[in-house]
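# Topology and contacts: notes
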Amino acid sequence: MTTVGIVGLGYVGLPLAVAFAQEGCEVVAVDLDARKVQAVAAGESYIEDVPDAALMQVRERIHASTRYAQLQQADAVLVCVPTPLTRNREPDLGPLLDATRALAKVLRAGQLVVLESTTYPGTTRERMLPILEESGLTAGEDFHLAFSPERVDPGRTDHTLRNTPKVLGGLTDACADRAQALYGLVCDELVRVSSPEAAELTKLLENIFRSVNIALVNELAMLTDRMGIDIWEVVDAAASKPYGFMRFDPGPGMGGHCLPVDPFYLSWRAREFGMTTEFIELAGKVNQQMPYHCVMKVERALNDEGLPARGARIAVLGVSYKPGVGDVRESPALKIIALLRALGAELVYHDPHVPELPELDLRSLPLGEALRDADLALIVTAHPGVAHALAAERARVVVDLRGVTRGATVANAVRL
Ligand SMILES: NC(=O)c1ccc[n+]([C@@H]2O[C@H](COP(=O)([O-])OP(=O)(O)OC[C@H]3O[C@@H](n4cnc5c(N)ncnc54)[C@H](O)[C@@H]3O)[C@@H](O)[C@H]2O)c1
């Protein structure tokens, strides 16, 4: 029986722990956050994609702790810690290097180590490997090392860990063989590439592709606003082409842990090779402009009602970064709320997935209460199950940043 170690029990690590436990593996998991460790032990999930019932069923096979020592029992250790940016928007490998140092102290011969965190090409070989070898063990001989990026799309149920092909690249062929055998337990299809660097860059290409295409449609949305053309109508029509076009919808900007962060890992690394990655920088710039464009649309909509932004009561619907999840990391809603507050507007919000926003001193109100006396309802994230039609009935004007009002005749709605 395989014992799998997981480092970092977040959006990536907890679903992985549950998946391996569901296949009958013993799981030893480490997180610095004692609350997460306690929650896992109690069978209480804090990740929306992992229902409590699923965790409860395998709780006895998942041994969570704040201590690394128990990782010695593992046949393989999967590292799933955050890879954020510093304040200067450079890669912050602090959590990854801390985790690697702690792991090196307990590493034993025969183990497989796989990095799952998104990072620039070269991280596994140049940054992790030397630290792990401080254990006195040699990579590729005494222990195996590989990179395999996580592709989970939070909130998604059609593509799961099981049916989403998983990319992996080993330091040596034997390393890749080990990783392939392990992931074969939880994934139906594995895509083996020749090196950890190729696997690291594959993940970045996927995210940069999204970031660039979202920026393209967002730029067009700003242009069509001036031209008086409905961007949603154009995207819907273009999407009727059965080949050579892939649909991306405009929106208030990018959020989450991945798209606003990951591309800059590559642009930073590219500088070492004398390259400026223009597409990445440009996409970041355009997407970062979107909250400002959305606030301008709000001001204009209020103006059309004869209202100044100062003192206007604005109900924001949806504050997480995407529908169906409660993750507010890098959510453009936070920026939009801060900008509107700076103009003197009075903000309330409704989001069934986000009960509170402590940093903004706000709590989610029931929909009807949020819309009571609202001058303007601002649909930032359209969660399924939220009665957006009520916004048009209750608020004087609706600004719809997600196109949910398209197709309906809503006289008082303004779309992105
Ligand atoms: N969230 C996603 O949808 C997603 C998708 C694909 C890839 N990724 C990548 O996976 C990685 C993890 O992302 P996440 O969303 O799961 O992050 P997360 O913040 O949800 O979870 C990371 C966990 O690691 C723990 N941690 C931090 N430092 C640690 C240390 N030194 N030792 C042990 N535990 C430590 C944290 O307490 C936290 O619980 C990132 O590189 C991210 O870019 C995330």
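Quick summary incoming for the structure in this document.

What follows deals with the nonpolar core. Counting 45 residues, the largest nonpolar core has I314, V316, V319, L340, L357, L376 and L378 as the members making the most contacts within it. Residue assignment for this core shows that the elements contributing at least two residues are α7 (196–227), α8 (231–238), α10 (278–304), β9 (313–317), α11 (332–342), β10 (346–350), β13 (376–379) and β14 (397–400). Ranked by the residues each element gives to this core, the list is headed by α10, at eight residues. Among all residues touching L340, those that are not within four sequence positions of it are V295, V298, I314, A345, L347 and L378. Residues V30, A74, A102 and A139 belong to the second largest nonpolar core, which totals 42 residues.

Near the ligand lie 27 residues; those nearest to it are V12, D31, K36, Y68 and T83. A distance of 2.8 Å separates an oxygen atom of the ligand from a polar atom in the side chain of K36. In isolation the ligand exposes 820 Å². Once the protein is present, 92% of that is buried. Take the shell around the ligand: its biggest share by element is three residues, from helix α4 (residues 94–106). When the residues that make up the shell around the ligand are grouped by side-chain class, the tally is 14 nonpolar, six polar and seven charged.

If you check α7, its first and last C-alpha atoms are 47 Å apart, about what 32 residues at 1.5 Å a residue would give, namely 46 Å. Backbone geometry just downstream of α7 places G228 in the positive-phi region, at approximately 75°.

Further remarks concern the environment of V261. Structurally, V261 is set in the loop between α8 and α9 (262–271). On the accessibility criterion, V261 (6% relative accessible area) is buried. Sequence spacing of V261 and I208 is 53 residues, and the spatial spacing of their C-alpha atoms is 9.9 Å. When residues no more than four places from it in sequence are discounted, the contact partners of V261 are T83, P84, L85 and E330.

Within the secondary structure, H350 sits in strand β10. Since its relative accessible area comes to 13%, H350 is described here as buried. A polar side-chain atom of H350 sits 3.4 Å from the main-chain amide nitrogen of L367. If sequence neighbours within four positions are ignored, H350 has contacts with V316, L317, G318, S364, L365, P366, L367, A370 and V386.

What follows deals with the packing of α7 against α9. Running from N to C, α7 and α9 cross one another at 115°; their axes reach a closest spacing of 8 Å. Two packed elements cross with a definite hand, and for α7 against α9 that hand is left-handed. For the pair α7 and α9, the contacting residues are L201, L204, N207, I208 and S211 in the first and D262, P263 and L266 in the second. Of the residues contributing to the contact of α7 with α9, the split by class is five nonpolar, two polar and one charged.

So, on to helix α5 (residues 123–133). All of the buried residues along α5 are T123, T124, M128, L129, I131 and L132. Taken down its axis, α5 places every buried residue within 165° of arc, on the same side. Elements in contact with the buried residues of α5: β4 (76–79), α4, β5 (112–115), β6 (144–147) and α7.

In this section: the pattern of salt bridges. Close approach of charged atoms lets side chains of opposite charge pair. For the coordinates displayed, the defined rule picks out 24 salt bridges. Across the pair R125 and E197 runs a salt bridge whose closest N-O atoms are separated by 2.6 Å. Pair noted here: R125 is in helix α5 and E197 is in helix α7, with a separation of 72 residues, a long-range link. Using a relative accessible area of 34% as the deciding quantity, one classes R125 as partly exposed. Among the ionic pairs, R396 bridges to E305, the shortest N-O distance being 3.6 Å. Remark: E305 occurs in the loop between α10 and β9 and R396 occurs in the loop between α13 (389–394) and β14; sequence separation between them is 91 residues. Salt bridges sharing common partners tie together D153, R156, D158 and K322.

Scoring rules and cut-offs
- Residues numbered from 1 in each chain as written.
- Predicted model: local features only at pLDDT ≥ 70, side-chain atom pairs only at ≥ 80, totals over all residues.
- Heavy atoms only, no water.
- Core = buried A, V, L, I, M, F, W, Y, C linked by side-chain atoms within 4.5 Å.
- Buried < 20%, exposed > 50% of the residue type's maximum accessible area, 1.4 Å probe, protein only.
- Helix = DSSP H or I, 4+ residues; strand = E, 2+ residues; numbered from the N terminus.
- Contact = heavy atoms within 4.5 Å.
- Near = heavy atom within 4 Å.
- Polar contact = N/O pair within 3.5 Å; in protein donor to acceptor, adjacent residues only side chain to side chain.
- Areas by Shrake-Rupley, 256 points an atom, 1.4 Å probe, with all protein chains shown as cover.
- Nonpolar A, V, L, I, M, F, W, Y, C, P; charged D, E, K, R; others polar.
- Expected span 1.5 Å × (residues − 1).
- Axes fitted to C-alpha atoms, helices over the stretch in contact; angles between N-to-C directions.
- Left-handed = near helix turned anticlockwise from the far one by under 90°.
- Arc of directions from axis to C-beta.
- Salt bridge = Lys/Arg side-chain N within 4 Å of Asp/Glu carboxyl O.

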